[in-house]
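# Structural characterization, general
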Amino acid sequence: MPKLIINDVEHDVPDGITLIQACELVGVEIARFCFHERLSIAGNCRMCLVEIAGMPKLVASCAMSVNDLRLGRDGTPPTIMTESPTAKKAREGTLEFLLINHPLDCPICDQGGECDLQDQTMAYGYDAGRFQDNKRAVTDKYLGPLIKTSMTRCIHCTHCVRFMTEVAGVDELGSIGRGEDTEITTYLEHGMRSNLSGNVVDLCPVGALTSKPYAYIARPWELAKTPSIDVMDAIGSAIRVDARGREVLRILPRINDAINEEWISDKARHVWDGLRTQRLDQPYVRRSGKLEPATWDETFGVIAKKLKGLDGARFAAIAGDLSAAEEIFALKQLAEQIGSPNIDCRQDGAKLDPALGRATYLFNTTIAGIDDADAFLLIGTDPRVEAPVLNARIHTRWRKAEQRLPIGLIGTEADLTYGYDYLGAGPEALAKIADGSHAFVKALKDAKHPMVIVGQAALARPDGAAVLTLAAKAAKTIGALDGDWNGFNVLHDAAARAAGLDLGFVPGKKDLDVEAILDAAGKGNMDVVYLLGADEIDMDRLGKAFVIYQGSHGDQGAHRADVILPGAAYTEKDGTYVNTEGRAQMTARAIFPPGDAREDWTILRALSAVLGQALPFDSLQDLRAKMYEVHPNLALLDLIEPSDVAAIIKLASKAAKPGRERFGLKIEDYYLSNPVARASSIMASLSAMHADGSEKATGTDG
Amino acid sequence: MSVRLAVEQPEGFAFTPANLEWAKTQIKKYPEGRQASAVLSLLWRAQEQIGGWLPEPALRYIADMLDMAYIRVYELVTFYTMFNLVPVGRYYVQVCGTTPCMLGGAEDIKDACRKHIGEKDHVSDDGMFSWTEVECLGACVNAPMAQINKYYYEDLTPKNFESILKRLRAGEDVEPGPQDGRQTSAPAGGPNTLTDPALYANDPSGPEPGSAGTTVMASEAKRPASKHEKGPR
């Protein structure tokens, strides 16, 4: 614990941090552009210069470790002055230099109002510049459909370059040239191929990199900002939804060290234009083969007629990937009232069973636990596509490892941004790990904290249950279940999945799961199918069944539906989502649903009243109270219940005989994997950019 | 400066077998996982092989050879000014324009370049020459000076410089080094200190009294090796 005197006050600061962090800790703010806690130190902006007694020149506090400072000659602790005349003058000088080549186009710059350079010039700058000559001009670069560039504004802090290399794991951006000719660009200006590229817009302290879809749409002070949770993947990134009036105009990340640090994926960030297109804003009823607008009463009447006297076994309900726990709970109660046991929240047919215990379907190590892991076994998963931010965390762990981190992959080979050993394609390789005969087992066993990550591609297949058992066996073999460490992890890709499993939205042993429901419907043995935002099933297999679709977007489900009940998207309701770790989090309503659309639980509540027996709750609070009674873990907002290792060990003791088929990829097109994303034109353009062949030519696919 | 690469690029690039062999020995100098350290020497060899510039396929070829991202190689070649990304003439003239040379008349040398070669950074019509201005090449005593391919030509005047260009164009050998007959960077016009012969009376190893030494020794060090190696390879 070195002692420092910072601005005349003595402080004890922790070892190993830099001076700028020490000052931050004790409440002394130091201006900076290039320093960022989660990126490597560059030390090139010179904004954080401070004076240190006894040193002839000013020191860049971002690059000076608190342990490297010497005592004064009389034994006084190192004395740092951040507000001395010299330090102040240096800051003014640095800003004046930065502004020499920075255009004064703030009125037409999208960064205006949230610009670090603007703010710091106001706070630390001199009143006027003395530079009279021409400013330099830099041609703008093409960085893909998400990032708009005004490279003349760039101050070369290299945040973006460091982020892409160190966090996103893609060597895409670089600074070319030298001195005044320095420019930030990609190799030959192809678009940035990473699904985390949008984060460079947040990182850019000036308006050089701004959001292309958001260009010239709003000023930050016009926006209502609502903290919420992302549902584009199952990790539940913390987001802030910025809306004006009835429109979401952009989505930004919030800091949550346990989950997304301060990054979000491009899909989470840019899906907002999908929230206003293809929306279902009023109920529809199919009359003589055509969907026609109807009132809520008419629609409910049609449903009530259809359900009257229906045998419960001929009714099925499927919950989709974006549904909140509240509506899944309500739908489960409704199905119980109708007398149907045929309910399923696993659209993809993943063989996860809540009866085996909660730990068998959760990411038990937790996302933050990745930082402590020292070996990985990935089974049937491409985390880069299924959970980009989580993959970035694995990448960071891999990059920071002192020795080569053992990472094994069983499944389909993919570019994960880090090096791994390819162990095999299917269950056979996994079986070899489980019985300890595989050569890679030694590396995993030698690790203190190995992690097994099972993806949905390994589970969403007929022998999925056996694969899950085998994975549990493998976890046991390599010592991932020892002591306090629980290294058995299931990586979900659907935001609603963990909550659905928590709520027990699965059929009993003898009842029908998604596959069986579709089979039955195809054979004419299923009269009514209720789709709660379920769009990822094969609609052609529903046969002649009467399909009720409740959801927010006119996607596959709505096209097949006989009745459409317009619901709310995740930005339009207060919903509970459980992420892949089992952490319950709540979204908040940023805007109202469009037109006649309603929050989903109210639709189910209203429908139940029309059907004759109202569900026993009249408000969201009532519903939650009922839900928490049965599932208390959903009340533990932002917390994780300790995982139950015993459940996994019990699972591992079962016999498993999986097939031989290789593990495929779960998500074919990352940018089009859910109804909101499919409605988004930004996602469509990204999908098109990634689908064209050029990524093969450069070999730098992101 | 946003377009830094030549517009016309060759189809591809590959080291000659000899250069490839050499590249492999260079890469072996570095420990496993640090092969990227060889990038500068490989790029330089590629530039020599092609004739003074680096086409874009060569960047990718070397990046692939060292398992580097293309952008990292691109950063390097744009940072170091000795890498040319556009073709240069057979004789690449780099005129020093930094203060001592400028005071010594570098402007006149540049004018001579304009007259005999053409615009700066443009290859002359016959492909023999291109010229550019560079920062200090460290031969300030012999200012003004220019580097032509690998050799320094010093103590230039417009007259002797034009003669150099003419002779090179005609395919003659031109002796590098000082062009006004002085010995390396010794005082122009001969020694002006320690000239008293008495000083050397008892020293059999010293130079002949009043001698400026052998000019052969000095020029040998900078002489183009042989005729067929002259110019960019």
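Quantities reported herein were computed from a predicted structural model and do not represent experimental measurements. (Residues numbered from 1 in each chain as written. Chains lettered and ligands numbered in written order. Predicted model: local features only at pLDDT ≥ 70, side-chain atom pairs only at ≥ 80, totals over all residues. Heavy atoms only, no water.)

### Focus: the confidence of the model for chain B
All names here are of chain B. Of the residues in chain B, 87% reach a pLDDT of 70 or more, and the chain-wide mean stands at 87. Note that residues 213-233 has pLDDT below 50 and, in this model, 37 contacts with residues that lie over four places away or in other chains. Scored as a complex, the prediction yields pTM 0.91 and ipTM 0.88. (pLDDT = per-residue confidence, 0-100. Contact = heavy atoms within 4.5 Å.)

### Structural notes on empty space enclosed by the protein
Residue and element names in this part refer to chain A. A full pass over the atoms with the stated rule returns eight cavities of 30 Å³ or more. Looking at the largest cavity, its volume works out to about 160 Å³. Lining the largest cavity are 18 residues, and of these Leu-322, Gly-533, Ser-552, Ala-568 and Lys-573 sit closest to its centre. At the level of secondary structure, the elements contributing two or more residues to the lining of the largest cavity comprise strand 23 (546-551) and helix 21 (675-679). Examining the composition of the lining of the largest cavity, we find that three residues originate from one element, strand 23, more than from any other. Here the residues of the lining of the largest cavity sort into nine nonpolar, five polar and four charged. A volume near 100 Å³ is recorded for the second largest cavity. (1 Å grid on protein atoms, 1.4 Å probe; cavity = no way out; pocket = protein on both sides within 12 Å on 5 of 7 lines; lining within 4 Å. Points joined across faces, edges and corners; volume = space filled by probe spheres on them. Helix = DSSP H or I, 4+ residues; strand = E, 2+ residues; numbered from the N terminus. Nonpolar A, V, L, I, M, F, W, Y, C, P; charged D, E, K, R; others polar.)

### Here we look at the packing of helix 7 (residues 296-307) of chain A against helix 18 (residues 600-610) of chain A
All names here are of chain A. Where helix 7 contacts helix 18, the axes come no closer than 10 Å and their chain directions differ by 60°. If you check the angle between helix 7 and helix 18, you find them oblique. By crossing handedness, the relation of helix 7 to helix 18 is classed as right-handed. From helix 7, Trp-296, Phe-300, Ile-303 and Ala-304 reach across to helix 18, where they touch Ile-603, Ala-606, Leu-607 and Val-610. Its residues assigned to classes, the contact of helix 7 with helix 18 shows eight nonpolar, no polar and no charged. (Axes fitted to C-alpha atoms, helices over the stretch in contact; angles between N-to-C directions. Parallel < 35°, antiparallel > 145°, perpendicular 65-115°, else oblique. Left-handed = near helix turned anticlockwise from the far one by under 90°.)

### Looking at the sheet that holds strand 2 (residues 9-12) of chain A
All names here are of chain A. Read from one edge of the open sheet, five strands run 2-1-5-3-4, paired in mixed fashion. Looking at the sheet topology across the chains shown, the edges are occupied by strand 2 and strand 4 (59-60). Two elements, strand 1 (residues 3-6) and strand 2, share four bridges in a ladder whose sense is antiparallel. Pairing of Ile-6 across the sheet is with Val-9, part of strand 2. Strand contacts of helix 2 (residues 85-100): strand 3 (49-52) and strand 5 (79-81), with the helix running at about 160° to strand 3, the strand carrying the most contacts. (Pairing = 2+ DSSP bridges.)

### Brief notes about the nonpolar core
All names here are of chain A. Core analysis: the biggest nonpolar cluster contains 95 residues, and Phe-163, Phe-376, Leu-390 and Tyr-570 have the highest contact counts within it. If we ignore the near neighbours within four places in the chain, the residues touching Phe-163 are Leu-39, Ala-168, Leu-196, Asn-199, Val-200, Leu-203 and Trp-263. Listed in part, the 86 residues of the second largest apolar core include Ala-434, Leu-444, Ala-471 and Leu-503. (Core = buried A, V, L, I, M, F, W, Y, C linked by side-chain atoms within 4.5 Å. Buried < 20%, exposed > 50% of the residue type's maximum accessible area, 1.4 Å probe, protein only.)

### A closer look at helix 19 (residues 620-630) of chain A
For an α-helix, 3.6 residues make a turn, and residues three or four places apart therefore share a direction. All names here are of chain A. Along helix 19, the residues that are buried comprise Leu-620, Leu-623, Arg-624 and Met-627. Buried positions in helix 19, seen along its axis, are confined to an arc of 95° and lie on one side of it. Residues of helix 19 that are exposed and point over 90 degrees away from its buried face: Gln-621 and Glu-629. Looking at the buried residues of helix 19, the elements they touch are helix 8 (325-338), strand 25 (576-578), strand 26 (584-586) and helix 18. (Arc of directions from axis to C-beta.)

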